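This is what each chain is made of:
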Amino acid sequence: MCTKLLLLLRPRVIKIKTAHQSVPRTMDDDETGPFQCVWSESDGFHTATQPLLQQQCARADHGGDAGCLVYLVLAAGWAYNSVVRARELHRIRAAEAAGNALAFLYPNVDDLEHSAQAKLLRVSVVMPLKGFGEHNLSNWRSQVLSMYGGPLEFLFVVESKEDPACEVILQLMRDLKGEVDAKLLVAGYSTTCSQKIHNQLAGVDAMHKDSKYVLFLDDDVQLCPGSIGALVAHMIEHPEIFVLTGYPFDLPSGSISSYCIYEYHLPCSIGFGFGRTFFLWGGCMMMHAEDFRTDRYGMVTGLREGGYSDDMTLAAVAGANQRVISSPERAIFFHPLAKDLSFSRYWNYLQKQTIVLETYNTTYNYWMNRGLFFLHCWASWSFVFPYLTSCVHLLVAMRMLMGASAELYSSWTTGLWLTGCIATATLIELSSMRHLSTVVIDLINALSPGKDPVSISSYNYVKVFVAGIVGNFLYPVSAVYSHVFQHIDWAGVQYWLGNGNICQIQRGSRRWRVVESSKSGWSTEEIHGQFPNKSTVWTLLSDLLMNQSCKLKNS
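All of these numbers come straight from a predicted model, not from anything done at the bench.

Draft legend 1. Representation of the packing of aromatic side chains in the model. Taken as a whole and assessed by the stated rule, the structure comprises 27 aromatic pairs. Seen from their ring centres, Tyr80 and Phe274 are 4.8 Å apart, and the 20° between their planes marks the pair as stacked. Of this pair, Tyr80 sits in helix H2 (residues 52-97) while Phe274 sits in the loop between helix H9 (269-272) and strand E10 (276-277), and the two are 194 residues apart along the sequence. Judged by relative accessible area, Tyr80 falls into the partly exposed class, the value being 38%. An aromatic cluster of at least three residues, connected via ring pairs, comprises Phe249, Tyr259, Tyr262, Tyr459 and Tyr461. Across the ring face of Trp496, the terminal group of Arg511 is positioned such that the distance to the ring centre comes to 4.1 Å.

Draft legend 2. Region of interest: helix H8 (residues 256-265). For H8, the buried fraction is high: 9 of the 10 residues fall into the buried class. All of the buried residues along H8 are Ser257, Ser258, Tyr259, Cys260, Ile261, Tyr262, Glu263, Tyr264 and His265.

Draft legend 3. Structural context of the UniProt feature "transmembrane region" (unreviewed entry) in the protein chain. Those residues carrying the UniProt feature "transmembrane region" (unreviewed entry) are residues 372-396 and 408-428 in this numbering. As annotated, residues 372-396 comprises 100% helix and 0% strand, and the C-alpha atoms at either end are separated by 36 Å.

Draft legend 4. Layout of the sheet that holds strand E4 (residues 123-128). On the basis of which strands lie adjacent, the open sheet formed by 8 strands has the order E6-E5-E4-E7-E11-E8-E12-E10 and mixed pairing. In this open sheet, the two strands that pair with only one neighbour each are strand E6 (182-186) and E10. As paired strands, strand E7 (residues 213-217) and strand E11 (residues 284-288) are joined by 5 bridges and run antiparallel to one another. Within the sheet, the bridge partner assigned to Leu215 lies in E11 and is Met286. Of the strands in this sheet, strand E5 (152-158) and E6 are in contact with helix H5 (residues 165-175), which crosses E6 at around 160°. Each of E4, E5, E6, E7 and E11 touches helix H6 (residues 195-206); the most contacted strand, E4, lies at about 155° to it.

Draft legend 5. Main features of unusual backbone geometry. Non-glycine residue Asp295 carries a positive phi angle of around 50°. Residue placement: Asp295 occurs in the loop between helix H10 (289-293) and helix H11 (299-304). With relative accessibility at 25%, the residue Asp295 sits in the partly exposed group. Phi is positive for Gln486, close to 55°, though the residue is something other than glycine. With respect to the helices and strands, the residue Gln486 is situated in the loop between helix H16 (461-485) and strand E14 (487-490).

Draft legend 6. Here's a closer look at the pattern of salt bridges. Applying the stated criterion across every chain yields a total of 16 salt bridges. For Lys183, the salt bridge is made with Asp181, and the minimal N-O distance between the two is 3.5 Å. For Lys183, a relative accessible area of 35% gives the class partly exposed. The exposure class assigned to Asp181 is partly exposed, which follows from its relative accessible area of 34%. Among the salt bridges present, the one from Arg296 reaches Asp291, with a minimum N-O distance of 3.4 Å. One salt-bridge network, held together by shared partners, links Glu88, Arg91 and Arg330.

Draft legend 7. Looking closely at helix H12 (residues 310-320). Of all 11 residues making up H12, 9 are buried, and the element is well covered by its neighbours. Residues of H12 that are buried include every one of Asp310, Asp311, Met312, Thr313, Leu314, Ala315, Ala316, Val317 and Ala318, and no others. Against the buried residues of H12 lie H6, strand E8 (241-245), E11, H11, strand E12 (324-326) and helix H14 (363-401). Remark: Gln322 follows H12 within two positions and exhibits a positive phi of approximately 55°.

Draft legend 8. Representation of the pairing of E8 within the structure. When you tally the buried positions in E8, you get 5 out of 5 residues, the bulk of the element. In the sheet, E8 pairs with E12 via 3 bridges, with the strands oriented parallel. Across the sheet, Val243 pairs through a bridge with Ile325, a residue of E12. In terms of strand pairing, E8 meets E11 through 3 bridges, oriented antiparallel. Directly across from Thr245, in E11, lies its bridge partner Met285.

Draft legend 9. Region of interest: the packing of helix H13 (residues 343-354) against H16. In contact at an axis separation of 9 Å, H13 and H16 are set at 60° when each is read in the N-to-C sense. One element, H13, and the other, H16, form an angle in the oblique class. The way H13 lies across H16 gives a crossing that is right-handed. In this structure, H13 contributes Phe343, Tyr346, Trp347, Leu350, Gln351 and Thr354 to the contact, and H16 contributes Gly471, Leu474, Tyr475, Val477, Ser478, Ala479, Tyr481 and Ser482. Of the residues assigned to the contact of H13 with H16, the class counts are 9 nonpolar, 5 polar and no charged.

Definitions and limits used
Residues numbered from 1 in each chain as written. Predicted model: local features only at pLDDT ≥ 70, side-chain atom pairs only at ≥ 80, totals over all residues. Heavy atoms only, no water. Phe/Tyr/Trp six-rings, centres within 6.5 Å; stacked < 30°, edge-to-face > 60°. Helix = DSSP H or I, 4+ residues; strand = E, 2+ residues; numbered from the N terminus. Buried < 20%, exposed > 50% of the residue type's maximum accessible area, 1.4 Å probe, protein only. Lys NZ or Arg CZ within 6 Å of the ring centre and 35° of its normal. UniProt positions renumbered as here; feature names shortened; annotations may be inferred. Pairing = 2+ DSSP bridges. Contact = heavy atoms within 4.5 Å. Axes fitted to C-alpha atoms, helices over the stretch in contact; angles between N-to-C directions. Salt bridge = Lys/Arg side-chain N within 4 Å of Asp/Glu carboxyl O. Parallel < 35°, antiparallel > 145°, perpendicular 65-115°, else oblique. Left-handed = near helix turned anticlockwise from the far one by under 90°. Nonpolar A, V, L, I, M, F, W, Y, C, P; charged D, E, K, R; others polar.

Written out as structure tokens, the structure reads:
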């Protein structure tokens, strides 16, 4: 890349030997032809220079315009979201000033009356688990030690008794015996869907028969004491809601990889700030339990039969049936990131985000994901491209300072002006991002008064800037990779997609094919052979070519 830029900066010359060096020369196509010629008579040569760099800079200016638009749209979205979260923070502080010491639970003091608490509905909390990480125990404690006043049960679901999370959960249950209603369920290995969805559906099957709502929580979300109560209150106030969701606010651990995840999530916060949205976060989803009991809209069937992503599938069901997805102002949670978050783990995380755009179970779902695919790829590289063009413009300016002809680089002032616009838009964007982060941190601190407060001072916005470039550059790469190979390694289990659903599952060196039968429904059959425990680009390419050849033979 740098070599190409240097070649562009170097004038391209055509040297023509002449017999009469004292006679000035001209070219008829100076203004209309592809060459703008500058003639000199030094050393008996005429020099004609092609302004390729001017053409490149002119094209780059259009990319800079798109980038500035992306930066300013993000800044405006974050500014609006800041107003929404600040309004809720003001309500809490106003209630506390009025004498309601439990405003972090209910801003309206009347909701704390025994008569109001006695009417609260039963909730079943389903938590699919896999392994044990750095922040899992503190997250689980924040989930089970809820200050919700109604009947509440917690269902921890693992795939096997050998899962490292089992012993930790059992010890937590022993420590809190008599304080919480918690159970540990072993769901077994998934055969026709992702392991997470399999665990979720096992929890749904085991929930209390009188539960009005079911709340799905990931093991990496840290609840506030009043989070469940706020979700239930919103569901009661708006019974038309199909899915109630929340937003994870990342706490970077200091590595560039953790800041990349923070930067990836933050643009999504704009959608959660409007109250009603068309997408949701699978880490926190509250739904009507009866919708699962009756398999409404066939959503349970769609999840069980080849389902990979719980949130994208349910968002597609909601969109296809004109149902409401909502996110209240209080549904926001700290999402602490691991200190040992390496680049390889971030790359795997990014692949898990992009592979969901390859899943679908309806035509509506397919076109929605295709639209998101192209929109996100365009926005990501529109974010990155202006910084590359700014480097070109700065190199041109340096060339001018070194004595290059002003006629050769006549557009250099325009380039510097555009670079200044990009820098200004970037500062506006980063300022808006920092303001939103400050407001959100203050809000979550107010919702969790018993915990050590988090400070915005720990955030490094130089790393945020670098992470924004790295993450947005890699997103289209990951999206194309997922589109080509249709494969993901999720917590040690490998999945392959076909026609929008999971078609193969591999654990260790054993692989199964997901098959559909009109008589017995969906099941699996083992594919005989030895397969590598870890897939590489070459093994995935080999699988891709083999599958394509099989399709050609069958056709």
